[in-house]
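Below, each chain spelled out in residue letters.
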Amino acid sequence: MIACAYCGKVDSPLPSWATFFVVNDNNLCGRCAEHLEKLESPWCEVCSRPMKENGICSDCNRWESSAKWAGLIQRNRSVFQYNEWMQGYLAQLKYRGDAALADVFARNLQRIYRQQFDRCLLVPIPLSEQRMSERGSIRVRL
Ligand SMILES: [Zn+2]
Ligand SMILES: [Zn+2]
């Protein structure tokens, strides 16, 4: 029996053969998985914001018209809607160090990368010293 990676509950209190052979690829119970709102087209072609039809959202248009920000972001893809539930989920992942929660994004990010960013180089974005301290990350000195 596998407990939900987020709330710790088990979907079925009675184990069955399916419990051992059915793999839930996001390690979440059914109740938590219901909150995952996958982002899909139609959306902003730059930032993934849901829209009535494909295009560029008002924020991206505003940033492109700014001399300071123009041309900095070509395309950003988000996997899920940043709803209230996702806000709590990300807080637990980022600020309480529950790295197992990142699994929910892994398969979807791989798919998006292969479909939309093929031949692009992935570059990690470093945190500031302050953010690193807030999140309690372990620092490795080389
Ligand atoms: Zn759950
Ligand atoms: Zn946008």
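Everything below is about the structure printed above this text.
Residues numbered from 1 in each chain as written. Chains lettered and ligands numbered in written order. Predicted model: local features only at pLDDT ≥ 70, side-chain atom pairs only at ≥ 80, totals over all residues. Heavy atoms only, no water.

Undergrad: Describe the nonpolar core, naming the residues involved and giving the relevant values.
TA: It is characteristic of soluble globular proteins that their nonpolar side chains tend to be buried jointly. Counting 17 residues, the largest nonpolar core has Leu28, Met86, Tyr89 and Phe105 as the members making the most contacts within it. Here this core gets five residues from one element, more than from any other, and that element is helix α4 (residues 84–95). Discounting chain neighbours no more than four positions away, the residues touching Phe105 are Val79, Phe80, Met86, Tyr89, Leu90 and Leu93. Listed in part, the five residues of the second largest apolar core include Cys44, Val46, Cys47 and Cys57. (Core = buried A, V, L, I, M, F, W, Y, C linked by side-chain atoms within 4.5 Å. Buried < 20%, exposed > 50% of the residue type's maximum accessible area, 1.4 Å probe, protein only. Helix = DSSP H or I, 4+ residues; strand = E, 2+ residues; numbered from the N terminus. Contact = heavy atoms within 4.5 Å.)

Undergrad: Residues and numbers for the coordination of the zinc ion (ligand 2), please.
TA: For the zinc ion (ligand 2), the full set of protein donor atoms is Cys44 (SG), Cys47 (SG), Cys57 (SG) and Cys60 (SG), at a range of 2.2 to 2.3 Å. Note that the zinc ion (ligand 2) binds four donor atoms; their angles at the metal cover 106 to 113°, and the shape is tetrahedral. Binding-site remark: the zinc ion (ligand 2) is held by donors from one chain whose sequence spacing is C-x2-C-x9-C-x2-C. Classification of Cys47 by relative accessible area gives buried; the value is 18%. (Donors = N, O, S within 2.8 Å, 3.2 Å for Na, K, Ca; no water. Tetrahedral: all angles 85-135°; square planar, octahedral: opposite > 155°, others 65-115°.)

Undergrad: Requested: an account of unusual backbone geometry, with residues and values cited.
TA: Of note, the bond from Ser41 into Pro42 is cis; its omega dihedral lies within 30 degrees of zero at 10°. For Ser48, which is not glycine, the phi dihedral falls at a positive 80°. Within the fold, Ser48 resides in the loop between α2 (30–33) and α3 (58–64). The phi angle at Arg119 is positive, at roughly 70°, despite the residue not being glycine.

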